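Below, each chain spelled out in residue letters.
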There are 2 protein chains.
Amino acid sequence: MLLVDDHPMVVEGIRQMLLPETDLRVVAQANGGEQALELLSAHPEVRVVLLDLSMPGMSGVELARAIRAGWAEVRVLALSMFHDHATVAEVLEAGGAGYVLKTASRAELSTAIRQVAAGRTYFSQDVADTLLQNLQITASLETPGPPAITRREREILQLIAREHSNLEIAEALFISERTVETHRRNLLTKTKCKSAVGLIQYAIRHNLLA
Amino acid sequence: MLLVDDHPMVVEGIRQMLLPETDLRVVAQANGGEQALELLSAHPEVRVVLLDLSMPGMSGVELARAIRAGWAEVRVLALSMFHDHATVAEVLEAGGAGYVLKTASRAELSTAIRQVAAGRTYFSQDVADTLLQNLQITASLETPGPPAITRREREILQLIAREHSNLEIAEALFISERTVETHRRNLLTKTKCKSAVGLIQYAIRHNLLA
DNA sequence: TAAAAAATACGTGCCAGTACGTAGGCCCGG
DNA sequence: CCGGGCCTACGTACTGGCACGTATTTTTTA
């Protein structure tokens, strides 16, 4: 397997934790996305990539996508400190086969790797809970309708976050101020927020700000 | 020294990285603040505590304060993924003797520990940069005045973030709506924001929301 | 204890944001 | 071809936030 993390301490820790597991061999380790791809080319025998999500430069999710695109048979196991909806969903979309929190013990980590290597999936308990919540949300929304933020709405949201007034936003996007107001109202309705204050937090929680 | 981190992988990694450094002995390791304090009582020979800032339950900063209060001779070396102004400043106020990023190499880590153990301080390059920026800000503000957010202002900010109106905030804090407006105005001035929208982002960037 | 900072409070006035209603043009999929 | 989602757009009305000025009391700090 290939180990990708920009923290030497974590890399060393995982290496050490896996030493007793003689069937799991750490073939190589990388400190960034680009290096990981190079190593993947040089080591065709790699079957599992254990990668940290938060890395400078190419993010873990981007790397996951790149791996999926170029090495379809390689299984990606995500490693992260967080388990928020947006991130977990991104990893799944990127084709991740599993998601382990950094609080995982040696036992959990090795189990996860074996599961993933065997073609199955693995998710830490908290991550699984997040997934279930997502499913419930998705399910409960089958009846009324999924409040998905559209492209245009996201644009407006980003400009709101930069403290622009409706008029400024209108001029920036070459549309009428009335239109901006409408988008704004729709955003408030969809997010169930009372004002722009809540909107900003929604945007941040869902990673909608570039 | 005592090692405090809720991530087994990191603990194991640091242990392993320090093994070759025969003069640095890891006496014990804890997964949370409470456990760390117990271990500190049981191991009076501990001179340095290397602690992660992000832990469930008692935060790293709280633990640092507790250590400073009860074991004045023990030196605290903070370990963190981030180096934002607010966090670094908090650690310093809490009496931290150093601040190392998790991206640190084995060499940097051992240097940091030796420095701190010897009564000196150590800060990773990026952290030092942050500190310098802070100093420059502080220095440049000696003329006009340092815009520090007060306790009361922080309370109001948190309620604003929860989408409460001025009137609601006033009722919640048993003060006049006018007073809330004044605090709000002062916050806008201090943060150089145009509206509550910017305020929220300021609050999030500076970790002012519980 | 005196000076400085923080918290409290009021008034006046403007405008941006919000609520609510309505509607036409566009494009996609059934 | 038509329904539905999206983007576009207008009008009316209300109100909460914000600007600007001023001032007293309490707490902290020097």
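Per chain, residues are indexed from 1 in the order of the written sequence. As they are written, the chains are lettered A onward and the ligands numbered 1 onward, keeping that order. Thresholds applied to this predicted model are a pLDDT of at least 70 for local features of residues and 80 or more for the giving and counting of side-chain atom pairs; totals over whole chains, interfaces and linings are not thresholded and use all residues. Side-chain calculation: all heavy atoms of the structure are included, whereas hydrogens and water are not.

The subject of this paragraph is the UniProt feature "modified residue: 4-aspartylphosphate" (unreviewed entry) in chain A. All names here are of chain A. According to UniProt, the "modified residue: 4-aspartylphosphate" (unreviewed entry) feature falls on Asp52. Relative accessible area decides the class of each residue, using a 1.4 Å probe on protein chains only: under 20% of the type maximum gives buried, over 50% gives exposed, and in between gives partly exposed. Aspartate 52 sits in the buried class, given a relative accessible area of 1%. Within the structure, the side chain of aspartate 52 is placed 3.4 Å from the side chain of serine 54, a separation counted as a polar contact. UniProt positions are given in the numbering used here, feature names are shortened, and annotations may be inferred rather than shown by experiment. Within 3.5 Å is the distance limit for a polar contact, defined as a pair of N or O atoms, with the added protein rule that one can donate a hydrogen and the other accept it, and that residues adjacent in sequence qualify only through two side-chain atoms.

It is worth spelling out the side chain of aspartate 5 of chain A at this point. Residues and elements named next belong to chain A. Secondary structure elements follow DSSP: runs of H or I no shorter than four residues count as helices, runs of E no shorter than two count as strands, and numbering proceeds from the N terminus. Following the sequence through the fold, aspartate 5 ends up in the loop between strand 1 (2–4) and helix 1 (8–18). Its relative accessible area of 2% is what places aspartate 5 among the buried residues. Within polar-contact distance, the side chain of aspartate 5 engages the backbone nitrogen of histidine 7 at 2.8 Å.

Okay, the interface of chain A and chain B next. Should any heavy atoms of two residues lie within 4.5 Å, those residues are considered in contact. Residue-level contacts link 33 residues of chain A with 33 residues of chain B. Once two parts are joined, some of their accessible surface, as seen by a 1.4 Å probe, is lost; buried area is that loss totalled over both. Ranking the residues of chain A by area buried against chain B places Met9, Glu163 and Val197 of chain A at the top, with a combined share of 28%. By convention in these notes, a salt bridge is any Lys or Arg side-chain nitrogen within 4 Å of a carboxyl oxygen on Asp or Glu. Applying the counting criterion to the chain A and chain B interface returns zero salt bridges. Linking chain A with chain B are eight residue pairs in polar contact (both at pLDDT 80 or more). At the level of elements, helix 1, helix 7 (151–161) and helix 10 (196–205) of chain A are the ones that each hand at least two residues to the side of chain A that touches chain B. A per-element tally of the side of chain A that touches chain B places helix 1 of chain A first, with eight residues. Per-class residue counts for the side of chain A that touches chain B are 19 nonpolar, nine polar and five charged. Following the grouping adopted for this structure description, the nonpolar residues are Ala, Val, Leu, Ile, Met, Phe, Trp, Tyr, Cys and Pro, the charged ones are Asp, Glu, Lys and Arg, and the polar ones are all others, Gly among them.

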